Amino acid sequence: MARPQMLKLPEVLDELGMSRAAFYRMRARGKGPRLIKLPNGQLRCRRTDLDTWLSGCEEAA
């Protein structure tokens, strides 16, 4: 079974066309895709979590 694709934060920001500051403001308001914090402190986002979150945004718009 293949492991889920994990995106680095710059990859997520690039796909969303969003600055890091805007992304963190959105996350502070309780919005944004689910992130995973690795033991080394880096953040990752599962491809499936990002796609699910984007689908929810389309429905809300």
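In this report, the structure presented in the accompanying data block is examined. (Residues numbered from 1 in each chain as written. Predicted model: local features only at pLDDT ≥ 70, side-chain atom pairs only at ≥ 80, totals over all residues. Heavy atoms only, no water.)

**Focus on the packing of aromatic side chains**
(1) Moving on: Across all of its chains, the model carries one aromatic pair by this definition.
(2) Moving on: With a centroid separation of 6.1 Å and 75° between ring planes, the pair formed by Phe 23 and Tyr 24 is classed as edge-to-face. (Phe/Tyr/Trp six-rings, centres within 6.5 Å; stacked < 30°, edge-to-face > 60°.)

**Description of the pattern of salt bridges**
(1) Moving on: A complete count under the given rule lists four salt bridges for this structure.
(2) Moving on: The partner of Asp 51 in a salt bridge is Arg 47, with the nearest N and O atoms 2.9 Å apart. Pair noted here: Asp 51 and Arg 47 are both in helix H3 (residues 47-60), with a separation of four residues, about one helical turn.
(3) Moving on: A relative accessible area of 34% means that Asp 51 is categorised as partly exposed. (Salt bridge = Lys/Arg side-chain N within 4 Å of Asp/Glu carboxyl O. Helix = DSSP H or I, 4+ residues; strand = E, 2+ residues; numbered from the N terminus. Buried < 20%, exposed > 50% of the residue type's maximum accessible area, 1.4 Å probe, protein only.)

**A look at the nonpolar core**
(1) Moving on: Among the nonpolar cores identified, the biggest contains ten residues, and these are Leu 7, Leu 9, Val 12, Leu 13, Phe 23, Met 26, Leu 35, Cys 45, Leu 50 and Trp 53.
(2) Moving on: Elements represented by at least two residues in this core include exactly helix H1 (9-16), helix H2 (20-28) and H3.
(3) Moving on: Considering each element in turn, this core owes the most residues, three residues, to H1.
(4) Moving on: For Cys 45, the contacting residues outside a window of four places in its chain are Gln 5, Met 6, Leu 7, Val 12, Pro 33, Arg 34, Leu 35 and Leu 50. (Core = buried A, V, L, I, M, F, W, Y, C linked by side-chain atoms within 4.5 Å. Contact = heavy atoms within 4.5 Å.)

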